[in-house]
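Examination of the molecular architecture
Take a look at the letters that make up each chain.
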Amino acid sequence: MALIPYALTRPFLFGLDPEQAHDLTLGALARIQHTPLICGVAQTRVIDPVTVAGLTFPNRIGLAAGLDKNGRCIDGLGAMGFGFIEVGTVTPKAQPGNPKPRMFRLVEAQALINRLGFNNGGLDAFVANVQRARFRRNGGILGLNIGKNAATPIERAVDDYLLCLDGVYPHADYVTVNISSPNTQNLRSLQSDEALDALLGAVQARKADLAERHGRNVPIFVKIAPDLDESQVTVIAATLQKNAIDGVIATNTTVARDTVKHLPHAQEVGGLSGAPVFEASNRVIAQLRSSLGAAFPIIGVGGVMSAADALAKRAAGADLVQIYTGFIYQGPDLVSQAARALAGR
């Protein structure tokens, strides 16, 4: 358990604008992560090794992409007991994202809505931050999540993904191709049959070149949305297998509002995360597992607010589990609680 209980800091953070609280927290972590002060938030990592996609993960609980878009706080977050951390989404060029305000809490529903829009400092700054991090040297698994710039036409999206893949490949344990954020115009159209096949074919061809150049194979994961029907999930599963993709992350945020429509901020444009996406995410995970078979790597994410939720993700078919909104609501204790539960302790 961390020396500074999250219950003491959460009221202060939740008294701030959500994005202000987010920036304040990451700024503080960036400053203390390589100092003795990190002991205030650090906790012992649960050791429960598992091999997925050829990688040995120290435990099954990871941090989802989106919290640390620029990879500034990999070591600070890593000190909180995660078996793996995914940072990004990074785009080739720096971009500010969508206009503020663009983050909203729905506290009654244990949820967030964001329309950040891949705000990040660009590929060069991202890679520099990743190179400074010690997390991988200390046994953690690091995923790097890539996307396209908002200004890049959707018909040129492949170019952006390949640029990012070139940049992050030498520094990643796995790379995630993000085609499921609802906050970049037309991005989710890349989940359609032909577009996805073309994108993944190009990514795999470039990966083969990079693997030869760098002498190492870096698994490629694809992150998909929860707002897919069964036939769409089936097509995506077939396309992943056709292109020999190494794994899938299910799911990103949802644009549905059925369960929160009575709450303040519910009609804000953006992706809804947290408890309301739990069931939709589990449905997609279960459909993927049915379509892909027992051996295909699946990372489950969406609405994990407790250790029991992490167990439910495993029961739905996920090999590994990521958290984000639950981490914001529950704090670092959720990491160790969920990791222990998945380890059967």
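Relevant structure appears above.
Being a predicted model, the structure only gives us computed values, none of them experimental.

Rolling a probe over the atoms, with the probe sized like a water molecule, indicates the empty space that remains. In this structure, the largest pocket occupies an estimated 670 Å³ of space. What lines the largest pocket is a set of 28 residues, and nearest its centre among them are Tyr6, Thr9, Leu13, Ala21 and Thr25. Of all elements in the fold, only α1 (6–14), α2 (18–32), β5 (103–106) and α10 (325–330) reach the threshold of two or more residues within the lining of the largest pocket. Partitioning the lining of the largest pocket into residue classes produces 23 nonpolar, four polar and one charged.

What follows deals with the sheet that holds strand β4 (residues 84–90). The strand order around the closed barrel formed by eight strands is β3-β4-β7-β8-β9-β10-β12-β13, and the pairing between neighbours is parallel. The sheet shows a mean angle of 25° between the axes of neighbouring strands, taken without regard to direction. As judged from the five bridges shared by β4 and strand β7 (residues 141–146), these two strands associate in the parallel manner. Bridge pairing links Val90 to Ile146 in β7. Along the sheet face, helix α11 (residues 333–342) touches β3 (61–63) and β13 (320–323) and points at about 150° away from the line of β3.

Time to look at the environment of Ala295. If you trace the backbone, Ala295 turns up in the loop between α8 (278–292) and β12 (298–301). Ala295 sits 139 residues away from Arg156 along the chain, and the two C-alpha atoms are 33 Å apart.

Before going further, it helps to examine the state of the cysteines. Counted by the stated rule, this structure contains zero disulfides. Free of any disulfide, Cys39 has its nearest cysteine sulfur in Cys73, 17 Å distant. Judged by its relative accessible area of 44%, Cys39 is partly exposed. In this structure Cys164 is not part of a disulfide, and its nearest cysteine sulfur, from Cys73, lies 20 Å away. According to the relative accessible area criterion, Cys164 is buried, its value standing at 0%.

A few words now on the sheet that holds strand β11 (residues 271–274). Spatially, three strands are ordered β5-β6-β11 in an open sheet, and the strand pairing comes out antiparallel. Every other strand in the sheet has two partners, leaving β5 and β11 as the edge strands with one partner each. Pairs of neighbouring strands in the sheet enclose a mean axial angle of 20°, with direction left out of account. With four bridges joining them, strand β6 (residues 111–114) and β11 adopt antiparallel strand pairing. Bridge pairing links Leu112 to Ser273 in β11.

One way to put it is that helix α4 (residues 123–132) packs onto helix α5 (residues 157–168) with a least axis distance of 10 Å and a crossing angle of 25°. Overall, the two elements α4 and α5 adopt an arrangement that is roughly parallel. Viewed along their axes, α4 and α5 form a crossing whose handedness is right-handed. Packed against α4, whose contacting residues are Leu123, Phe126 and Val127, the element α5 presents Leu163, Cys164, Gly167 and Val168 at the interface. Of the residues contributing to the contact of α4 with α5, the split by class is six nonpolar, one polar and no charged.

Quick notes on the rules
- Residues numbered from 1 in each chain as written.
- Predicted model: local features only at pLDDT ≥ 70, side-chain atom pairs only at ≥ 80, totals over all residues.
- Heavy atoms only, no water.
- 1 Å grid on protein atoms, 1.4 Å probe; cavity = no way out; pocket = protein on both sides within 12 Å on 5 of 7 lines; lining within 4 Å.
- Points joined across faces, edges and corners; volume = space filled by probe spheres on them.
- Helix = DSSP H or I, 4+ residues; strand = E, 2+ residues; numbered from the N terminus.
- Nonpolar A, V, L, I, M, F, W, Y, C, P; charged D, E, K, R; others polar.
- Pairing = 2+ DSSP bridges.
- Axes fitted to C-alpha atoms, helices over the stretch in contact; angles between N-to-C directions.
- Contact = heavy atoms within 4.5 Å.
- Disulfide = S-S within 2.5 Å.
- Buried < 20%, exposed > 50% of the residue type's maximum accessible area, 1.4 Å probe, protein only.
- Parallel < 35°, antiparallel > 145°, perpendicular 65-115°, else oblique.
- Left-handed = near helix turned anticlockwise from the far one by under 90°.

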